[in-house]
Amino acid sequence: MRCLLAALSLTLCLGCDLGRKPASEPEPSLRLAVVTDLKGYLEPCGCTSDPLGGIDRLAAQIEELRKSDVPLLFLVAGDAFFDAAPLEPARVDQANRNAQTLVRILNRLGVTAVLPGASDRAQPAATLAELRAAADFAWLAMDGPTDVLQHEAGSVSVTLLGTQRKTPPDAVAAAVGNAKDQSDLAVVLVDGSRRDANRVGAIQGVDFVIQGGLDQDSAMPPRQTGNAWVFHASRQGQGLAIVDVYRPRGDAPFADRSEWSRTAGAAQLDRQIEELRAKIDAWEQAGNIDQADLDPQRARLVDLAKERAALDAPVARGKGNAFSARWVELRKVSPSDPEVEKLMREHDKVVNEANRVAFADLKPPPLGPDDVAYVGSAVCGACHQEAYAWWRDHSHGVAYSTLEQRSKEYNLDCVGCHVTGYEQPGGSTVTHNLDGQLQNVGCESCHGPGAAHVKDPEVAVVRMTPESTCVACHNEQHSDLFDYEAYVKTLVVPGHGLPAKTP
């Protein structure tokens, strides 16, 4: 085995220069900026450790790309303006306002074309007509199963084709065939499954496929299907895929020169090598495996090592058609466009006021025969003074004010996790919170409604909050680093779950 490991190490180092950048490329012929499944998101929840996304951060990236002389096509595929259909009646107005603001911002960013997703197309006709009238960009495949847009990007003539879900491949092929004769590059925007994208990519003449409709958080490195390459850029505006296209000649297939692909491929091969090496070690230690069975596995390990080493070699620039794709995450540290951010803050204020008026008379569900009313944390504090004093200084105790500071205390996407007993019998609503007593994440959020306990202290309340209660708000979307066991330890402290410290 030592000889095998030595050979393996040598193989891994052949041609290896970790960290070496690929040979410098000439200027691309054109550049694609790709966003998929935006779903009407203007910004992520501010409670996450490092919010991914934000249309203001996306705007800053697009503005930076436009500083280059390389022609830019900004493409959006999948549910762009809405995240569901039909919408809950109470959410229609806010969702429409979000979509209208998003159209204004996409106009500002110079979007080339949008292929709306199934949730977008399922909205009422009047809603869609209003949004389309306000848009300065093309909406693809809204009036039929396919739609073709011819676009000149510098010296490259591009066919942009949008196709709806379940459009027969023959119809897509016919549209591509008719249009490709007039252009140098065919890019098809698809809203559908991975299989749908693969079917489109297998059509003769298709070069790139932009895939929406996956509803997948992570972006995926480019994948090849037929002679085409498929790109997916995550969801909810968490980032964008940037594809530099090098097209010096004819209709030859495109080669992938992406560091993104090399890194992902290397990680996958590293896992395979580690798993196979562990298996070989186990087999050798067991001593009950025939040599004839081990030799093919050792040979496969060496082959995997050679394949892995090849990924560390510098990328040859070559002379054929090629592209280089990269993924840009939009994090807290990512720059923000101040003008777009200003539009977002104005939007928040408008939505906040509209909801304050619209839901002014909305009351919580009435108490049923077995329901217990909420009383508010101040009532709990009358007896549990140490716990109440601790809670007021905890983040739960000021949760509502964080929304007030951002004009989001009436925002339907936020308020439910910043008040107590939201939409519960005898609890709170968007505007109704017992004159402020149910603002913040109060005692009863964790220990249950307290009216019965206040009336008779012998009536038990929930002492140890179950994980199921916490994750209603502390989920991946709103609290990405949440760990129940670790979090509970920070809550069980002197005065709250433990005896108060004596002076």
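Residues numbered from 1 in each chain as written. Predicted model: local features only at pLDDT ≥ 70, side-chain atom pairs only at ≥ 80, totals over all residues. Heavy atoms only, no water.

Trainee: How should I be thinking about the overall build of the protein chain in this particular structure?
Mentor: Helix and strand content of the protein chain: 17 helices and 15 strands. Taken over 503 residues, the protein chain has a buried fraction of 46%. Considering only contacts in the protein chain between residues 6 or more positions apart, those separated by 24 or more positions represent 72%. When the accessible surface of the protein chain is totalled, it reaches about 25100 Å², and 51% of it is carbon and sulfur. Positive and negative charge centroids in the protein chain, built from 50 and 68 side chains respectively, lie 5 Å apart. (Helix = DSSP H or I, 4+ residues; strand = E, 2+ residues; numbered from the N terminus. Buried < 20%, exposed > 50% of the residue type's maximum accessible area, 1.4 Å probe, protein only. Contact = heavy atoms within 4.5 Å. Areas by Shrake-Rupley, 256 points an atom, 1.4 Å probe, with all protein chains shown as cover. Lys, Arg positive; Asp, Glu negative; His and termini not counted. Charge placed at Lys NZ, Arg CZ, Asp CG, Glu CD.)

Trainee: So what exactly am I meant to see when it comes to the state of the cysteines here?
Mentor: What we call a disulfide is simply a covalent bond connecting the sulfur atoms of a pair of cysteines. This model, assessed by the stated rule, comprises one disulfide. Two residues share a disulfide in this structure: Cys417 and Cys473, whose sulfurs sit 2.1 Å from each other. Because the torsion about its S-S bond is -95°, the bridge between Cys417 and Cys473 counts as left-handed. On the criterion of sequence distance, the pair formed by Cys417 in the loop between helix H13 (399-404) and helix H14 (443-447) and Cys473 in the loop between helix H16 (467-470) and helix H17 (484-491) is long-range, its members being 56 residues apart. Overall, the relative accessible area of 28% leaves Cys417 in the partly exposed class. Of all cysteine sulfurs, the one in Cys45 lies closest to Cys414, which takes part in no disulfide; the gap is 6.6 Å. Free of any disulfide, Cys470 has its nearest neighbouring cysteine sulfur in Cys446, separated by 6.1 Å. (Disulfide = S-S within 2.5 Å.)

Trainee: Explanation requested: unusual backbone geometry in the structure shown.
Mentor: Among all residues except glycine, the phi angle is most often negative; among peptide bonds, the trans geometry is most common. For the bond running from Ala85 to Pro86, omega is -5°, close enough to zero to count as cis. Along the chain, Pro86 falls in the loop between strand S2 (72-78) and helix H3 (92-109). In this structure, Lys39 is a non-glycine residue whose phi angle is positive, near 60°. With respect to the helices and strands, the residue Lys39 is situated in the loop between strand S1 (30-36) and helix H2 (55-65).

Trainee: Can you walk me through the sheet that holds strand S10 (residues 228-232) in this structure?
Mentor: Within a beta sheet, neighbouring strands are joined by backbone hydrogen bonds and run either parallel or antiparallel to one another. Strand order in this open sheet of six strands is S5-S6-S7-S8-S10-S9, and the pairing throughout is mixed. Only two strands of the sheet have a single partner each, and these edge strands are strand S5 (146-153) and strand S9 (220-225). Mean inter-strand twist for the sheet, computed between neighbouring axes without regard to direction, equals 25°. Of the pairings in the sheet, the one linking strand S7 (residues 185-191) to strand S8 (residues 208-212) comprises five bridges and is parallel in character. The residue of S8 that forms the bridge with Val187 is Phe208. Running over the sheet, helix H8 (residues 259-286) touches S9 and S10 and is turned about 95° from S9. (Pairing = 2+ DSSP bridges. Axes fitted to C-alpha atoms, helices over the stretch in contact; angles between N-to-C directions.)

Trainee: Explain the packing of aromatic side chains to me, please; I cannot follow it from the model alone.
Mentor: Aromatic ring pairs are defined here through the distance separating the ring centres and the angle between the ring planes. Scanning the entire structure with this criterion turns up ten aromatic pairs. For the pair Phe482 and Tyr487, a centre-to-centre distance of 5.3 Å together with 65° between the ring planes defines the contact as edge-to-face. Per residue, the accessibility class of Phe482 equals that of Tyr487, and both read buried. Three or more aromatic residues joined by ring pairs form one cluster here, namely Phe208, Trp229, Phe231, Phe254 and Phe323. (Phe/Tyr/Trp six-rings, centres within 6.5 Å; stacked < 30°, edge-to-face > 60°.)

Trainee: Whenever I open this one, helix H6 (residues 169-180) confuses me. Can you help?
Mentor: One turn of the α-helix equals 3.6 residues, which is why residues spaced by three or four share an orientation. Taking 1.5 Å as the rise per residue, H6 with twelve residues should run 16 Å; its terminal C-alpha atoms sit 16 Å apart, in good agreement. Regarding H6, the residues found buried are Val172, Ala175, Val176, Ala179 and Lys180. Angularly, the buried residues of H6 cover 120° about the axis, an arc narrow enough to put them on a single face. Every exposed residue of H6 that faces more than 90 degrees away from the buried side is listed here: Asp170 and Asn178. (Expected span 1.5 Å × (residues − 1). Arc of directions from axis to C-beta.)

Trainee: For this particular structure, what's the right way to read the packing of H2 against helix H10 (residues 338-358)?
Mentor: For any two helices packed against each other, the geometry comes down to the angle between their axes and how far apart the axes lie. Two numbers describe how H2 lies on H10: the axes approach to 8 Å, and their chain directions differ by 160°. Here H2 is positioned roughly antiparallel relative to H10, judged by the angle of their axes. Where H2 crosses over H10, the handedness of that crossing is right-handed. Contacts between H2 and H10 involve Ile55, Asp56 and Ala59 on the former and, on the latter, Val340, Glu341 and Met344. Grouping the amino acids of the contact of H2 with H10 by side-chain chemistry returns four nonpolar, no polar and two charged. (Parallel < 35°, antiparallel > 145°, perpendicular 65-115°, else oblique. Left-handed = near helix turned anticlockwise from the far one by under 90°. Nonpolar A, V, L, I, M, F, W, Y, C, P; charged D, E, K, R; others polar.)

Trainee: Please explain H3 as it appears in this structure.
Mentor: Over its 18 residues, H3 extends 26 Å from the first C-alpha to the last, a length consistent with the 26 Å expected when each residue adds 1.5 Å. Within the span of H3, buried status applies to Gln94, Ala95, Asn96, Asn98, Ala99, Thr101, Leu102, Val103, Ile105, Leu106, Asn107 and Leu109. Gly110 sits one or two residues past H3 and shows a positive phi near 70°.

Trainee: Is there a simple way to explain the confidence of the model for the protein chain in this structure?
Mentor: Should pLDDT be low for a region, the predicted coordinates there are not to be read in detail. When the pLDDT values of the protein chain are averaged, the result is 89; 93% of them are 70 or greater. Taken element by element, the protein chain is modelled with least confidence in helix H1 (residues 2-13), mean pLDDT 39, and with most confidence in H3, mean pLDDT 98. Under a pLDDT of 50 for its full length, residues 1-23 has, in the predicted model, 28 contacts with residues more than four places off or in other chains. (pLDDT = per-residue confidence, 0-100.)

Trainee: Can you walk me through the environment of Leu343 in this structure?
Mentor: With respect to the secondary-structure elements, Leu343 resides in helix H10. Using a relative accessible area of 17% as the deciding quantity, one classes Leu343 as buried. C-alpha of Leu343 to C-alpha of Thr101: the two residues are 242 residues apart in sequence and 7.9 Å apart in space. Setting aside residues no more than four positions away along its own chain, Leu343 makes contact with Arg104 and Ile105.

Trainee: Help me out: how do you make sense of the pairing of S10 in this one?
Mentor: Walk down a regular strand and you will see the side chains alternate between the two sheet faces. Burial of S10 is extensive: five of the five residues sit out of reach of the surface. Burial of the side chains of S10 extends over both faces: Ala228, Val230 and His232 are buried on one face and Trp229 and Phe231 on the other. Across three bridges, the pairing between S8 and S10 is parallel. Bridging from a neighbouring strand, Phe208 pairs with Trp229 of S10. Looking at chain direction, S9 and S10 are connected through four bridges and run antiparallel. Looking at S10, one finds that Thr225 is bridged to Ala228. Two successive antiparallel strands, S9 and S10, enclose a turn made up of two residues, where Gly226 displays a positive phi of approximately 65°.

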